[in-house]
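These are the residues of each chain, in order.
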Amino acid sequence: MDYKILVCGILLLISLLSIRVTKKVQVPLLIMFLFIGMAAGSEGIGKIEFDDAKLTQNIGNFALLFILFAGALETKKSDAMMALYPSGILATVGVFLTAVLAGFAAYMITDFTLKEAFLFGAIVSSTDAAAVISMLGGSNLKKRIRTVIEIESGSNDPMAYALILFVLSMFQAGDSNIFMSILFLIQQIIVGALMGVLFGKITLPLGRILRIEREEFLTIHMIAVLFICFSATNLIGGNGFLAIYLMGIIVGNERFDFRMNTIRNMRVASWLMQITMFIILGLLVFPSQLKVVMITGSILAIMITIVARTAVVFSLMAPFKYTKKEKFFMSWAGLKGAVPIIFSTTAITAGIDNSQGIFNMVFYLVVFSVLIQGMTLKPLAKYLGLVEDAVDDKANEIDLEELEELSIKKLYLDKRSEYVNKKIKDLQLPKSMHIISIRRGDEEITPKGDVILKVGDKILFSTK
């Protein structure tokens, strides 16, 4: 046990070191994590024997809980509404069309059966939020394009997972029960959406009932409800991933104490899960087997990530007012990531005959996508003229909630307070005490000397 913990610590440190390396050599960070896992594996210098697909799938699904929820927490309602229709169509109809096109392509150029080909298509049908956000980080891409891409990538995994379960149900039930499989797909989406909204609405009120007053306990509360939402949704036949994504968006757009720090805590958990997930996926793959699929995988990758994705985006975005350059960039930004690799382990655990071949093909396609598309994403945005000339000034503003959490202390005035009905300049405050802001109901008041304090005011102040 001590040896395993030591290895985990070393791999995490190497992963952190690789962050500096990627900045110098311009290799995508996610690929570096995969390569670290491959180097530590049985065919690498680490010689770690690992081939447990079921354990990988469980860890991957557990990691996805944090990754999806953390991304949803930071999705602003205004942005989501602005990009609701284009990103929503891409995340649903787009995923379905991509799965169909990818399935036909795989059936034509591989030895997969028709069912195996469509299972492969469903697995690679979604884009990956972690890959997309990582590749776009630090760029000044136009907001109307960036928002659609990020929200699509964050919300299309549930649809892909539902399609995977749909195809797997066909393996188990047979072609004669395709109608029941379609009903199962519809049930997954509807129940998942309803449960997500329900838990999104009750999470914060439940925290208030439990009288949670500390930041760390609020984060634990969020995680507890996250687990309950996901598992309860799955147990009643819904899509747990869709539920937690919707729950995260609803909770993230509410005002509550320690909001910013809670989001930061979930972001830390998300990054830890991403690093862990990519390393384990790297451990699971056998590099020698990838050589066999290199030629076929490259052709298939081009057909899916470039041809099929471009056809889907241009056809579905036709009703919207996007230029050809913008639609082409949306097409190119459809990066694959760790999620398809995790989903591909379901083929292995379900006992599909060609499961190892599906896994290897998916893994190769992900590496191809992140390397080819990921490394050219920012240069392409500049070439197409989709980069803003200046950073929006609002990006430099600090929300009042951030000030609340950064300030050392806060004070609520009740009717017994000695500060009530007094001007700030008459309070005789210590020289080390500085009032930062005053919140009166929904109004934010600038703390000038002649401002009279009233019952119910929330005062934020710092001390040196």
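This text follows the structure it describes.
Residues numbered from 1 in each chain as written. Predicted model: local features only at pLDDT ≥ 70, side-chain atom pairs only at ≥ 80, totals over all residues. Heavy atoms only, no water.

Chemist: Can you help me understand a nonpolar patch on the surface in this one?
Modeler: Among the surface-exposed residues, Phe 179, Met 180, Ile 182, Leu 183, Ile 186, Ile 190 and Leu 194 lie close enough to one another that they form a single nonpolar patch of about 700 Å² accessible area. As for its position among the elements, Ile 190 is in helix H10 (residues 178-209). Looking at Ile 190, the relative accessible area reads 47%, which means it is partly exposed. (Patch = residues over 30% accessible without salt bridge, like charges linked within 9 Å, V, L, I, M, F, W, Y side chains within 5 Å. Areas by Shrake-Rupley, 256 points an atom, 1.4 Å probe, with all protein chains shown as cover. Salt bridge = Lys/Arg side-chain N within 4 Å of Asp/Glu carboxyl O. Helix = DSSP H or I, 4+ residues; strand = E, 2+ residues; numbered from the N terminus. Buried < 20%, exposed > 50% of the residue type's maximum accessible area, 1.4 Å probe, protein only.)

Chemist: I tried to follow the pattern of salt bridges on my own but got confused; where do I start?
Modeler: Side chains carrying opposite charge are able to pair once their charged atoms draw close together. Applying the stated criterion to the full structure yields 6 salt bridges. We note a salt bridge from Glu 326 to Arg 144, for which the minimum N-O separation is 2.8 Å. One end of the pair, Glu 326, is in helix H16 (residues 324-332); the other, Arg 144, is in helix H8 (residues 143-155), with 182 residues separating them in the sequence. Overall, the relative accessible area of 35% leaves Arg 144 in the partly exposed class. A salt bridge links Arg 309 to Glu 152, with the shortest nitrogen-to-oxygen separation between them at 2.8 Å. In this pair, Arg 309 is assigned in helix H15 (residues 294-316) and Glu 152 in helix H8, connecting sequence segments 157 residues apart.

Chemist: Just checking my understanding: could you explain H8 for this structure?
Modeler: Its 13 residues place the ends of H8 18 Å apart at the C-alpha level, agreeing with the 18 Å of an ideal helix rising 1.5 Å per residue. Here H8 has its buried residues at Ile 145, Arg 146, Thr 147, Val 148, Ile 149, Ile 151, Glu 152, Ser 153, Gly 154 and Ser 155. (Expected span 1.5 Å × (residues − 1).)

Chemist: Teacher, can you tell me more about unusual backbone geometry here?
Modeler: Excluding glycine, a negative phi dihedral is what most residues carry, and trans is how most peptide bonds are arranged. Unlike most non-glycine residues, Arg 211 shows phi in positive territory, near 55°. You can see Arg 211 is positioned in the loop between H10 and helix H11 (215-235). Under the relative-accessibility criterion, Arg 211 is labelled exposed at 70%. Phi at Asn 421 takes a positive value of approximately 65°, unusual for a residue other than glycine. Take Asn 421: it is sitting in the loop between strand E1 (409-412) and strand E2 (433-440).

Chemist: Could you clarify how one ought to interpret the environment of Ser 355 in this entry?
Modeler: Mapped onto the secondary structure, Ser 355 falls in helix H18 (residues 355-383). Ser 355 has contacts with Ala 347 and Ile 348, leaving out every residue within four places of it along the chain. (Contact = heavy atoms within 4.5 Å.)

Chemist: How do you make sense of the layout of surface pockets when you look at a structure like this?
Modeler: One simple way to see leftover space: roll a probe sized like a water molecule over the atoms. What the second largest pocket holds in volume is close to 650 Å³. Together, 25 residues line the second largest pocket, and Ala 80, Leu 84, Tyr 245, Leu 246 and Ile 249 are the ones closest to its centre. A class-by-class count of the residues in the lining of the second largest pocket yields 16 nonpolar, 6 polar and 3 charged. (1 Å grid on protein atoms, 1.4 Å probe; cavity = no way out; pocket = protein on both sides within 12 Å on 5 of 7 lines; lining within 4 Å. Points joined across faces, edges and corners; volume = space filled by probe spheres on them. Nonpolar A, V, L, I, M, F, W, Y, C, P; charged D, E, K, R; others polar.)

Chemist: I'm lost on the packing of aromatic side chains in this one. Help?
Modeler: The geometry of two aromatic rings is summed up by the distance between their centres and the angle between their planes. All told, the structure shown has 11 aromatic pairs when counted by the stated rule. Between the aromatic rings of Phe 62 and Phe 227, the centroid separation amounts to 5.6 Å while the plane-to-plane angle is 40°, which identifies the pairing as tilted. One end of the pair, Phe 62, is in helix H3 (residues 53-73); the other, Phe 227, is in helix H11, with 165 residues separating them in the sequence. Ring plane angle 50° and centroid distance 5.9 Å describe the contact between Phe 112 and Phe 120, whose orientation is recorded as tilted. By relative accessible area, which is 5% here, Phe 112 ends up buried. Note on Phe 120: relative accessible area 0%, which makes it buried. An aromatic cluster is defined as three or more aromatic residues linked by ring pairs; in this entry it consists of Tyr 161, Phe 230, Phe 241 and Phe 343. (Phe/Tyr/Trp six-rings, centres within 6.5 Å; stacked < 30°, edge-to-face > 60°.)

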